[in-house]
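Spelled out from the first residue to the last, the chains are:
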Amino acid sequence: MTIQRHHDMGGQDAGPVEPTEHDYALWEKKVDAIIRLLNKTDPQLLRVDEMRRGIEELGPGVYDDLNYYERWISSATNILIEKGVLNIDELGAKMAEVEARWQADRDTA
Amino acid sequence: MSDLEFQNGDRVRVHTWYPPGHVRTPYFIRGCNGTVIGCAGVYENPEKLAYGQDAEHRPLYRVQFKQADVWQDYQGPEQDTLVVDIYEHWLEPDT
Amino acid sequence: MSPHDHDHEPHPYQPDIEDAPFTERMVMAQAVEELLIEKGVFTADQMRAQIESVDSRTPAMGAQVIARAWTDPEFKARLLEDVNAATEELGIDAGHIPIRAVENTEDVHNVIVCTLCSCYPRLLIGLPPDWYKSRAYRSRTIKEPRTVLSEFGTELPEDIEVRVHDSTADLRYMVLPRRPDGTDGWDEEALQGLVTRDSMIGVSLPKSPD
């Protein structure tokens with residue numbers, strides 16, 4: 001009996017490699033920076049192994065629907081909640097505030 | 001390093017283990033036979049680090065496999081190989 | 001829509017926000033950044049410095065290392081022994097995660113992949129291209145490297161060994177490509193111009209002089 005987890009995809013069939021590239025957006029660079037800085041805190045708040053494990057636990061549908069840095073931030077945020085570094089209520093409030101601010105910027109641009 | 005279980009040139013087999021959880025031994029290589037070509041160093045076990053636990057140090061080996069031994073329908077020439085970095089506890093001697 | 005007062009400077013153009021709708025994860029990223037700064041986990045200056053550090057890592061750095069290895073056999077030997085130590089000689093800080101250089105020869109062509117996630121020697125050659133992180137590259141390169149390489153326009157002789165390295169654990173890998181023919185007497189700077197990012201991943205060969 002075997003279990004092959006979704007992220008463990010070496011040897012699976014897939015279509016041609018599309019040679020796509022894109023310049024990284026600022027938000028992506030920010031996600032990258034957040035994770036790297038969390039790796040360097042003392043005590044270390046996030047290990048890359050934890051983030052990888054969190055990405056693997058997102059589940060097949062979410063894994064495929066999200067892009068690379070969306071998976072990073074989803075995983076890291078979940079782990080920070082588990083560890084009590086971030087609280088769900090403050091995250092909820094801050095995310096609503098950010099969205100409202102950005103929406104207002106768009107509306108008045 | 002004197003307390004390594006495997007030396008360069010040793011034939012090894014990857015365990016046919018299929019646990020859940022965070023492992024860094026890919027599915028496709030389990031049960032395959034290969035040759036140790038180097039020890040990449042000794043590192044903290046990612047299977048523990050991934051869960052925020054203290055981790056013991058384990059040797060990491062570079063193991064080379066013939067493609068034809070890994071894939072039933074490998075299309076390329078018989079000298080093609082792949083190399084996977086595998087932790088010691090996933091390997092046993094290939095006797 | 002509220003009236004907008006144009007007495008102040010125009011908004012700095014933020015293409016992330018103004019060209020495309022923002023997504024839930026973009027909002028999450030911004031919220032997490034702000035909360036972590038408010039909590040003193042890190043500072044805005046540290047964020048800026050970290051982003052700048054990553055921006056400064058590009059394939060050109062890797063090309064410097066390769067060109068030096070092509071012209072200095074003793075450096076090449078040190079590079080193959082320990083990339084992180086050897087690159088310090090060129091003033092490059094490749095970080096503490098060990099990078100291993102695998103040398104292409106007339107008998108062996110190396111290709112790098114990370115089937116489990118997308119590990120890449122980013123501190124030496126910059127962030128990876130999208131395709132390196134794609135399902136197609138991660139699943140197929142390990143089992144049909146010659147076909148994937150031909151999709152990149154790279155055809156390799158049948159009598160050499162194609163060796164695929166899956167960077168599954170604590171090492172990152174980069175390819176030390178073969179020095180192109182017809183470059184005798186070239187200086188390092190000229191040689192750097194022949195080294196492409198894709199040749200350091202192994203899906204392509206370096207440029208040739210013509």
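Look a little higher up for the structure.
Residues numbered from 1 in each chain as written. Chains lettered and ligands numbered in written order. Predicted model: local features only at pLDDT ≥ 70, side-chain atom pairs only at ≥ 80, totals over all residues.

Trainee: Lay out the interface of chain A and chain C in plain terms, naming residues and giving numbers.
Mentor: With 49 residues of chain A at the interface, the matching set in chain C holds 47 residues. Among the elements of the structure, α1 (26-40), α4 (68-82) and α5 (88-108) of chain A are those that each provide at least two residues to the side of chain A that touches chain C. Examining the composition of the side of chain A that touches chain C, we find that 11 residues originate from one element, α5 of chain A, more than from any other. (Contact = placed C-beta atoms within 7 Å. Helix = DSSP H or I, 4+ residues; strand = E, 2+ residues; numbered from the N terminus.)

Trainee: Hey, could you go over the sheet that holds strand β4 (residues 81-87) of chain B for me, with residue numbers and the actual values?
Mentor: Sheet strands pair via backbone hydrogen bonds, and the direction of the pair is either parallel or antiparallel. One open sheet accounts for seven strands, arranged β5(B)-β1(B)-β2(B)-β3(B)-β4(B)-β3(C)-β2(C); its pairing is mixed. The open sheet has two free edges, formed respectively by β5 (91-93) of chain B together with β2 (108-113) of chain C, since each of these has just one partner strand. Taken pair by pair, the neighbouring strands of this sheet meet at an average axis angle of 35°, ignoring direction. Pairing analysis gives four bridges linking β4 of chain B to strand β3 (residues 161-166) of chain C, with the strands arranged parallel. What sits directly across from L82 of chain B, in β3 of chain C, is V164 of chain C. (Pairing = 2+ DSSP bridges. Axes fitted to C-alpha atoms, helices over the stretch in contact; angles between N-to-C directions.)

Trainee: I'd like to hear about the interface of chain B and chain C, residue by residue, with values.
Mentor: Counting residues at the interface gives 20 residues for chain B, matched by 19 residues for chain C. Listing elements by their share of the side of chain B that touches chain C, those giving two or more residues are β2 (33-44) and β4 of chain B. Sort the elements by how many residues they give to the side of chain B that touches chain C and β4 of chain B lands first, with six residues.

Trainee: Could you give an account of the pairing of strand β4 (residues 172-176) of chain C, with specific residues and numbers?
Mentor: Consecutive residues of a regular strand have side chains that alternate between opposite faces of the sheet. Residues and elements named next belong to chain C. Within β4, five of the five residues are buried, leaving the element largely enclosed by the surrounding structure. Side chains of β4 alternate between two faces, with R172, M174 and L176 and Y173 and V175 buried alike. Bridge count between strand β1 (residues 99-103) and β4: five bridges; the pairing is parallel. When the bridges of β4 are listed, R100 appears paired with Y173. (Buried ≥ 20, exposed ≤ 12 C-beta atoms within 10 Å, placed from the backbone.)

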